[in-house]
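# A closer look at the structure
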Amino acid sequence: VGTTSAGSSGVDNLVLYRNGNGGLTIRNNSNQNGNIFFSRGTSGTDEYKGYIQYQHAQDAMILATGHTERLRITGGGQVLIGTNTSPAYTNRRLTVYDSTNSGTCSVEIRGSSSGSSRLYFTSSTTSGQLGAYAGKVYYGHADNVMAFYTAGAERLRIDSSGRVSINESTYYTQGQFTIKNTNDFSTASTSNN
């Protein structure tokens, strides 16, 4: 439509062209759903193995695979994975749920074996500003160290042998637990006992 040139092979059944911004509109009534289905058959669930759906009554966007809803974005902007039930509080923006593993649910952050995996807690989008990296959970894969940060600084570290250090990056060989008092710089260390 609007062109005599076919699209890329395999996705050229319908090509829409416009010299400028273009698109496709699917319009429904306020209590209906707009759908794009990916089908592999003409009956049963094969007719909608994958789909994208907009539910106008709830203002929710749905993504499905294996004829089952997998991801939902609610009208309020909450992202739900594995569930269509919103959390109890609207400030919880991401919910991940898995009912198939005896109630066990996991979120994976994968880094390279020589890199690190991190989870940041921020209040700023300005590079270099404390609010952009104030809170952090850090895992160094090369040395297998877990660390926790507040106010942009490391506060607690657990090394690969299980030694714990609070406010101190140096471990003392005689102990498993090291605490540094940042007010008077005194250091205490305790053994396993």
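All values derive from a computational prediction rather than experimental measurement.

## Here we look at the overall build of the protein
- Secondary structure assignment for the protein yields zero helices and 13 strands.
- When the helices and strands of the protein are placed in sequence order, the string is β-β-β-β-β-β-β-β-β-β-β-β-β.
- Against the compact-globule benchmark of 16 Å for 193 residues, the protein has a radius of gyration of 26 Å, which places it well outside the compact range.
- The buried share of the protein, taken over its 193 residues, is 18%.
- For the protein, the exposed area adds up to about 13,800 Å²; of that, 48% sits on carbon and sulfur atoms.
- Taking the 15 positively charged and 12 negatively charged side chains of the protein as two groups, their mean positions are separated by 5 Å.

## Focus: the pairing of strand S2 (residues 50-55)
- Where strand S1 (residues 33-38) and S2 come together, six bridges link them in antiparallel fashion. If you follow Asn-33 over to S2, its bridge partner there is Gln-55.
- Inspection of the sheet shows S2 paired to strand S3 (residues 60-65) by five bridges, in the antiparallel sense. Of the residues in S3, the one forming a bridge with Gln-55 is Ala-60.
- Adjacent in sequence and paired antiparallel, S2 and S3 are bridged by four residues, among which Asp-59 carries a positive phi angle near 50°.

## Remarks on the environment of Leu-63
- Tracing the chain through its elements places Leu-63 in strand S3.
- Measuring from C-alpha to C-alpha, the distance between Leu-63 and Tyr-51 comes to 6.1 Å, with 12 residues separating the pair along the chain.
- Other than its neighbours up to four places away in sequence, Leu-63 contacts Tyr-51, Ile-52, Thr-68, Glu-69, Arg-70 and Leu-71.

## Description of the side chain of Glu-69
- Relative to the helices and strands, Glu-69 is located in strand S4 (residues 68-73).
- Within the structure, the side chain of Glu-69 is placed 2.8 Å from the side chain of Arg-72, a separation counted as a polar contact.
- If we ignore the near neighbours within four places in the chain, the residues touching Glu-69 are Tyr-51, Ile-62, Leu-63, Ala-64, Thr-83 and Asn-84.

## Brief notes about the packing of aromatic side chains
- In total, this model carries three aromatic pairs according to the counting rule given.
- Ring geometry for Phe-37 and Tyr-48: centres 5.9 Å apart, planes at 45°, overall tilted. Taken as a pair, Phe-37 in strand S1 and Tyr-48 in the loop between S1 and S2 lie far apart in primary sequence, 11 residues in all.
- Take Phe-37: its relative accessible area is 43%, and that puts it in the partly exposed class.
- Between Tyr-48 and Tyr-51, the ring centres sit 6.3 Å apart and the planes meet at 55°, which makes this aromatic pair tilted.
- Members of the aromatic cluster, each reached through a chain of ring pairs, are Phe-37, Tyr-48 and Tyr-51.

About the criteria used
- Residues numbered from 1 in each chain as written.
- Predicted model: local features only at pLDDT ≥ 70, side-chain atom pairs only at ≥ 80, totals over all residues.
- Heavy atoms only, no water.
- Helix = DSSP H or I, 4+ residues; strand = E, 2+ residues; numbered from the N terminus.
- Rg over C-alpha atoms; globule rule 2.2 N^0.38 Å.
- Buried < 20%, exposed > 50% of the residue type's maximum accessible area, 1.4 Å probe, protein only.
- Areas by Shrake-Rupley, 256 points an atom, 1.4 Å probe, with all protein chains shown as cover.
- Lys, Arg positive; Asp, Glu negative; His and termini not counted.
- Charge placed at Lys NZ, Arg CZ, Asp CG, Glu CD.
- Pairing = 2+ DSSP bridges.
- Contact = heavy atoms within 4.5 Å.
- Polar contact = N/O pair within 3.5 Å; in protein donor to acceptor, adjacent residues only side chain to side chain.
- Phe/Tyr/Trp six-rings, centres within 6.5 Å; stacked < 30°, edge-to-face > 60°.

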